[in-house]
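One-letter residues, chain by chain:
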Amino acid sequence: MTTRVEHTQMANAIRALAMDAVEKAKSGHPGLPMGAADVATVLFSKFLKFDAADPHWPDRDRFILSAGHGSMLLYALLYLTGNKEMTLDQIKNFRQLNSKTPGHPENFITSGVETTTGPLGQGVATSVGFALAERLLAAEFGDDVVEHYTYVLCSDGDLMEGVSHEAIALAGHLKLNKLIFLYDDNGITIDGPITLTDNVDQVARFKAHGWNAKQIDGHDPQAIAAAIRRAQKSDKPSLIACKTTIGFGSPHKAGTSKAHGEPLGAEELAETKKALNWNYGPFEIPDDVLQAWRKVGKRGKRINKEWRARLEAKPEAERAEFKRRVVDRTPPKSLDEVIVTLKDKLVADPPTVATRKASELALDVLVPAVPELLLGSADLTPSNNTRTKGLKEIQPGQYDGRYIHYGIREMGMAAAMNGIALHGGFRPAGGTFLCFTDYARPAMRISALAHIPVIYIMTHDSIGLGEDGPTHQPVEHIAALRAMPNMRVFRPADAVETAECWQVALERTKGPTVLALSRQNLTPVRTAAGNDNRCAQGGYELVPANGEAKVSIFASGSEVEIAVAAQKQLAERGIAARVVSVPSLELLLEQPADKRHAIIGNAPVKVAVEAQVRFGWDGVIGPDGAFVGMHSFGHSAPAKDLYKHFGITAEAVVEAATKGLQGK
């Protein structure tokens, strides 16, 4: 049993490390770790199920620091509890190049960090995915091997962000009762008191969203513990609003915005340590306090061992499936065979369908073959074609389905999918219209930055969607997504390419994938299936030239059929041209130089055609290459009329090619 004196010393160890690290770095945010140290100490010492020696233990409780600016709180906890990678030297190198203590927590850098946080609201929204994945996995494999909580430390800023509304509404609706928010209610933002901008009653707000919510004294260990016990027994998600003082202990900065995002300064730091009765030098933790924390870090070792025994007692097939999906996180070995069989079928009887429908055809065979594939849509299921026949829906309190209705919550969906993927056990794929990546983009950026393998099914990918008009017609979106590091964008041309793109997406484990799919029907262009995945290198020669190529035509998605038609017209004029399908421009450009050059070819004239803006295509066609595509926003009209209006036609490609040859 931790006494009040022991609690205070353990909490002050967090405060001291945070103050010292920020002071040494000359930058950072000491206020939150100082204010929330009591909450964190109670949570970690009394409740959190974890094993510091095994930070990837699948059945650990998840702790998410949504208020990522307070990262020293988490780093201090990792060091104090005995995480092997979080040494005192790493604490001393806070915010320095190549350290494991970056300014905001990064899951791909620091062991023990569950998810990258920093942009306020993202941790809150991502946590919904963690909590949902836990319930889904428990429903499938049993609560004897899946039974844990998701705890989130969030701030005033997290709850101001609009994505928090999407997240807490979804969590409340789904009754994710093992999700517990610890709200650091310190009433301070960068500009000053929160009353400058906000007077929301957060307890009432959360209750309105179907949560249990209660306010407590965030510096009273007994009140904190009692509130967490209540939350653990709740049949709803819980908010514990912990009233705290930012910069707790600082004689002149506590309770002010001065404590938020800057070092205390040497004099104030010394006075703060004196006020806290912490009579130790920089980065010095007395042995009795450190050992108390290390004991906390070892508490979960026995529980972990017992859990592993229960897992080993499972039938061999079930145990192997759990390990594949949760531990190894590898796709089924049968995936390649499933795709090859599907391609053979599609070539034998080529369907003239939109690639959104082609995606549904692929999902018809992938859903039974890839049991971890978890589908959903942001209220566009019939348009995104994301739900296959017989796929059971996930409903409040019923977690044995594989289809999620996210509601009209694009960013909430994207963030929740991040959490689902990071938790392990599932590969989430969610749909909306491509233009609404604008709403989802902050969470999509986290996917790319944090190497999270989610799949975005983005339909209605161009002016080809027609009458809905320019508000819904993506023009710049593909280029913007291609520009995002580690975001893989595929725009398949027909059903065969769509199947191949799904395979590449599912085989990718270190980053997200966008499948940009058409609303309009497309003419099949692949006449041979083959055992190899031709889309896996980003581009390939679809139609060779008859003789030495004078023109290379590059296209993606719905414009590949235009390129094929143009090649035929050029052949009629005696001009040898080849067509290169480019389902993933950035993947093509990532290929080794020899392979990339072989695909791009040596034709003197290069033309790209895509119903998007030109940005990015110069990497293939060069600055002097011809581009047939969009140079403005679209219009409301039938798709065929729009393609003619904007000059995205086979005739325009032929004209561009012949002009290019005249200039050679």
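For the structure itself, look to the data block above.
Residues numbered from 1 in each chain as written. Predicted model: local features only at pLDDT ≥ 70, side-chain atom pairs only at ≥ 80, totals over all residues. Heavy atoms only, no water.

## Points about the layout of surface pockets
Here is the rule: Whether a set of points on the 1 Å grid over the protein atoms alone is a cavity depends on a 1.4 Å probe fitting there but being unable to get out, while an open set qualifies as a pocket with protein on both sides within 12 Å along at least five of seven lines; lining residues are those with an atom within 4 Å of a point. Grid points are joined across faces, edges and corners, and a volume is the space filled by probe spheres set on the points. In this description a helix means any DSSP run of H or I spanning at least four residues, a strand means any run of E spanning at least two, and both kinds are numbered starting from the N terminus. Lys, Arg, Asp and Glu make up the charged group, whereas Ala, Val, Leu, Ile, Met, Phe, Trp, Tyr, Cys and Pro make up the nonpolar group; the residues left over, Gly among them, are polar.
In this structure, the largest pocket encloses a volume near 950 Å³. V327, R329, A421, L422 and K510 are the residues nearest the centre of the largest pocket, which is lined by 43 residues in total. Only α12 (300–312), α13 (316–328) and α17 (410–423) provide two or more residues apiece to the lining of the largest pocket. Considered class by class, the residues forming the lining of the largest pocket number 18 nonpolar, 11 polar and 14 charged. Roughly 420 Å³ of internal volume is contained in the second largest pocket. As for the second largest pocket, its lining consists of 15 residues, and the residues nearest its centre are E561, I562, A639, K640 and Y643. Those elements that provide at least two residues to the lining of the second largest pocket are α21 (560–572), α25 (639–645) and α26 (650–662). The leading source of residues in the lining of the second largest pocket is α25, at 4 residues. The residue inventory of the lining of the second largest pocket, partitioned by class, reads 7 nonpolar, 4 polar and 4 charged.

## A closer look at the side chain of E268
Cut-off, in case you're wondering: Only protein chains enter the accessibility calculation, which uses a 1.4 Å probe. A residue is then buried if its area is under 20% of the maximum for its type, exposed if over 50%, and partly exposed in between. Counted charges follow a simple rule, with Lys and Arg positive, Asp and Glu negative, and His plus the chain ends left uncounted. Criterion for a salt bridge: a side-chain nitrogen of Lys or Arg within 4 Å of a carboxyl oxygen of Asp or Glu. Whether two residues are in contact is decided by their heavy atoms: any pair within 4.5 Å suffices.
Its place among the elements puts E268 in helix α10 (residues 266–275). Although buried, E268 forms no salt bridge, and the nearest oppositely charged side chain, K253, lies 6.4 Å from it. Apart from the residues within four sequence positions on either side, E268 is in contact with S250, P251, H252 and K253.

## Notes on a positive patch on the surface
Going by this rule: Nonpolar side chains (Val, Leu, Ile, Met, Phe, Trp, Tyr) within 5 Å and like charges within 9 Å form the patches, drawn only from residues with over 30% relative accessible area and no salt bridge. Calculation of accessible area relied on Shrake-Rupley with a 1.4 Å probe; when residues are assessed, cover is drawn exclusively from the protein chains displayed. For the purpose of locating charges, the reference atoms are NZ of Lys, CZ of Arg, CG of Asp and CD of Glu.
Together, K84, K298, K301 and K305 make up a region of like positive charge exposed at the surface. The residue K84 is located in the loop between α3 (71–81) and α4 (88–92) in this model. Exposure remark for K84: the relative accessible area of 70% places this residue in the exposed category.

## Topic: a nonpolar patch on the surface
Residues F108, I109 and L449 make up a contiguous nonpolar surface patch of about 200 Å² in total accessible area. Here I109 shows up in the loop between α4 and α5 (122–141). On the basis of relative accessible area, I109 is assigned to the partly exposed category, the value being 30%.

## Observations regarding helix α18 (residues 437–449)
Where we set the bar: Bend angle per residue: angle between axes fitted to the 7 residues ending at that residue and the 7 residues starting there.
Along α18, the helix axis deviates most sharply at A443, where the bend reaches about 40°. Within α18, burial applies to T437, A440, A443, M444, I446, S447 and A448. The elements touched by buried residues of α18 are α5, α17, β10 (427–433), β11 (455–459), α19 (477–482) and β13 (513–516). In the stretch just after α18, H451 is the one whose phi turns positive, near 60°.

## Some thoughts on the sheet that holds strand β16 (residues 577–581)
The following threshold applies: Two strands make a pair as long as DSSP finds a minimum of two bridges between them. Only the contacting stretch of a helix is used when fitting its axis, a line to C-alpha atoms as for every element, and angles between N-to-C directions run 0 to 180 degrees.
Strand order across the open sheet formed by 5 strands is β14-β16-β15-β17-β18, with mixed pairing between neighbours. Whereas interior strands pair on both sides, the edge strands pair on one side only; in this sheet they are β14 (540–543) and β18 (626–629). When strand polarity is set aside, the average angle formed by the axes of neighbouring strands in this sheet is 30°. Where strand β17 (residues 605–610) meets β18, 4 bridges bridge the pair, whose relative direction is parallel. Directly across from A608, in β18, lies its bridge partner F627.

## Side note on the nonpolar core
To be explicit about the condition: In plain words, nonpolar cores are sets of buried Ala, Val, Leu, Ile, Met, Phe, Trp, Tyr and Cys residues tied together by side-chain atoms within 4.5 Å.
In terms of nonpolar packing, the biggest core is built from 72 residues, with L132, L176, L179, F181, F322, M444 and Y456 touching the most fellow members. At 11 residues, the largest contribution of residues to this core is made by α5. Sequence-distant contacts of F181, defined by excluding residues within four places in its chain, comprise V124, S127, V152, C154, I168, F206, W211, S238, L239 and I240. Grouped together as the second largest cluster of nonpolar side chains are 68 residues, L363, A369, A495 and A499 included.

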